[in-house]
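Take a look at the letters that make up each chain.
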Amino acid sequence: GAVVSQHPSRVICKSGTSVKIECRSLDFQATTMFWYRQFPKQSLMLMATSNEGSKATYEQGVEKDKFLINHASLTLSTLTVTSAHPEDSSFYICSAHPPGTTYGYTFGSGTRLTVV
Amino acid sequence: KQEVTQIPAALSVPEGENLVLNCSFTDSAIYNLQWFRQDPGKGLTSLLLIQSSQREQTSGRLNASLDKSSGRSTLYIAASQPGDSATYLCAVKPGGSEKLVFGKGTKLTVNP
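Residues numbered from 1 in each chain as written. Chains lettered and ligands numbered in written order. Predicted model: local features only at pLDDT ≥ 70, side-chain atom pairs only at ≥ 80, totals over all residues. Heavy atoms only, no water.

Peer 1: Got a minute to help me understand the overall build of chain B in this structure?
Peer 2: In terms of helices and strands, chain B carries zero helices and 11 strands. Counting from the amino terminus, helix and strand elements in chain B follow one another as β-β-β-β-β-β-β-β-β-β-β. A compact globule built from 112 residues would reach a C-alpha radius of gyration of about 13 Å, and chain B, at 13 Å, matches this within 12%. For the C-alpha atoms alone, the extent of chain B along its principal axes is close to 45 × 30 × 20 Å. Among the 112 residues that make up chain B, the fraction classed as buried is 44%. For chain B, long-range pairs separated by at least 24 residues make up 54% of all intrachain contacts whose partners lie at least 6 apart in sequence. In the structure as shown, chain B presents an accessible area of about 5400 Å², 49% of it carried by carbon and sulfur atoms. Counting 11 positive and 9 negative side-chain charges, chain B places the averaged centre of each group 6 Å from the other. (Helix = DSSP H or I, 4+ residues; strand = E, 2+ residues; numbered from the N terminus. Rg over C-alpha atoms; globule rule 2.2 N^0.38 Å. Buried < 20%, exposed > 50% of the residue type's maximum accessible area, 1.4 Å probe, protein only. Contact = heavy atoms within 4.5 Å. Areas by Shrake-Rupley, 256 points an atom, 1.4 Å probe, with all protein chains shown as cover. Lys, Arg positive; Asp, Glu negative; His and termini not counted. Charge placed at Lys NZ, Arg CZ, Asp CG, Glu CD.)

Laid out in structure tokens, this is it:
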């Protein structure tokens with residue numbers, strides 16, 4: 001149990017276009033999901049906290065207009081990278097915490113975004 | 001501000017060796033601590049979760065300990081195998097916060 005599914009695993013897009021990444025909780029409801037970015041050989045950087053039915057909370061320095069987050073249901077959060085540029089190329093990972101204390105945080109498999 | 005440090009940054013061992021990965025955190029007011037494994041280009045796989053009231057957790061060849069008062073956790077891997085090669089990340093959940101604080105990880109290589 002406690003699986004988070006993330007799609008796509010890899011995406012290549014042209015500069016100036018937008019890309020949507022989906023994060024789904026498969027067997028639990030997630031009122032909160034987290035979006036991270038990971039640069040090569042570095043640890044995870046929290047970008048934003050996605051809240052079901054309300055606006056996301058962005059970390060300092062993260063452009064909310066560039067990284068649009070939608071959490072329209074209890075099992076789905078999406079991250080849209082708008083007007084992507086090569087510097088947005090990175091590894092993006094989502095996470096959620098199933099209810100209760102048995103499980104810790106569970107992570108998606110990540111999305112490798114390459115902007116050309 | 002909570003900070004998490006992992007030592008060493010990289011470790012290379014021969015197959016079969018027992019090893020210990022270290023994690024320290026600056027603020028003992030944590031809710032729990034979680035150890036993850038990350039393979040190259042992949043997401044994080046949860047290995048062990050230790051609640052603040054617990055001293056250790058075990059899963060197979062893995063044993064994680066927690067000394068909250070001293071701000072330390074260790075991940076012990078017994079009889080290491082090449083398949084254990086990965087980056088191991090330690091993360092704490094501060095009390096009163098939903099946000100995990102990660103260490104920078106230890107890259108483990110187990111040589112056949």
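Peer 1: Honestly, the nonpolar core in this entry has me stumped. Any pointers?
Peer 2: The nonpolar side chains of a soluble globular protein tend to be buried, and buried together. By size, the foremost hydrophobic cluster in this structure holds 25 residues, and its most contacted members are Trp35, Tyr58, Phe67, Ile69, Leu79, Tyr92 and Leu113 of chain A. Of all the secondary-structure elements, those providing two or more residues to this core are strand E2 (10–13), strand E3 (19–25), strand E4 (32–38), strand E5 (44–51), strand E7 (67–73), strand E8 (76–81), strand E9 (90–96) and strand E11 (111–115) of chain A. Ranked by size, the runner-up nonpolar core spans 23 residues in total, among them Leu21, Ala64, Ile77 and Val92 of chain B. (Core = buried A, V, L, I, M, F, W, Y, C linked by side-chain atoms within 4.5 Å.)

Peer 1: What is the right way to read the pairing of strand E1 (residues 4–7) of chain B from this model?
Peer 2: Taken residue by residue, a regular strand's side chains alternate between the two faces of the sheet. Residues and elements named next belong to chain B. Because side chains alternate across E1, one face comprises the buried residues Val4 and Gln6, and the other comprises Thr5 and Ile7, none of which is buried. Sheet topology places E1 next to strand E3 (residues 19–25); four bridges connect them, and they run antiparallel. Paired with Gln6 across the two strands is Cys23, which belongs to E3. (Pairing = 2+ DSSP bridges.)

Peer 1: Sorry, what's going on with the pattern of salt bridges here?
Peer 2: A side chain with one charge can pair with a side chain of the opposite charge if their charged atoms come near. By the definition in use, this model includes six salt bridges over all chains. Glu22 of chain A is the salt-bridge partner of Arg24 of chain A, the closest N and O atoms lying 3.5 Å from each other. Residue class for Arg24 of chain A comes out partly exposed when judged on its relative accessible area of 34%. Close ionic contact of Asp84 of chain B with Arg61 of chain B constitutes a salt bridge, the shortest N to O distance being 2.8 Å. Remark: Arg61 of chain B occurs in the loop between strand E6 (56–59) and strand E7 (62–67) and Asp84 of chain B occurs in the loop between strand E8 (72–77) and strand E9 (86–94); sequence separation between them is 23 residues. Taking the relative accessible area as the measure of exposure, Arg61 of chain B reaches 29% and is therefore partly exposed. (Salt bridge = Lys/Arg side-chain N within 4 Å of Asp/Glu carboxyl O.)

Peer 1: Looking at this structure, I do not really get the state of the cysteines. What am I missing?
Peer 2: Disulfides are covalent bonds that connect the sulfur atoms of two cysteines. Under the counting rule described, the total for this entry stands at two disulfides over all chains. Residue pairing for Cys23 of chain A: its cysteine sulfur links by disulfide to Cys94 of chain A, the two sulfurs lying 2.0 Å apart. Its S-S torsion of about 85° marks the bond between Cys23 of chain A and Cys94 of chain A as right-handed, since a negative value means left-handed. Linking Cys23 of chain A in strand E3 with Cys94 of chain A in strand E9, this pair joins segments that are 71 residues apart in sequence. You'll find Cys23 of chain A and Cys94 of chain A in the same group, each marked buried. What pairs with Cys23 of chain B in a disulfide is Cys90 of chain B, and their sulfur atoms sit 1.9 Å apart. (Disulfide = S-S within 2.5 Å.)

Peer 1: What is the right way to read the interface of chain A and chain B from this model?
Peer 2: By a frequent convention, interface size equals the accessible area lost on bringing the separate parts together. The interface is formed by 18 residues belonging to chain A together with 19 residues belonging to chain B. When chain A packs against chain B, close to 1400 Å² is buried across both sides, 56% of that on carbon and sulfur atoms. Close ionic contact of Lys99 of chain B with Glu59 of chain A constitutes a salt bridge, the shortest N to O distance being 2.7 Å. Taken together, the links from chain A to chain B amount to six residue pairs in polar contact (both at pLDDT 80 or more). At the level of secondary structure, the elements contributing two or more residues to the side of chain A that touches chain B comprise E4, E5 and E9 of chain A. Tallied by class, the residues present in the side of chain A that touches chain B amount to nine nonpolar, eight polar and one charged. (Buried area = accessible area lost by both parts, 1.4 Å probe. Polar contact = N/O pair within 3.5 Å; in protein donor to acceptor, adjacent residues only side chain to side chain. Nonpolar A, V, L, I, M, F, W, Y, C, P; charged D, E, K, R; others polar.)

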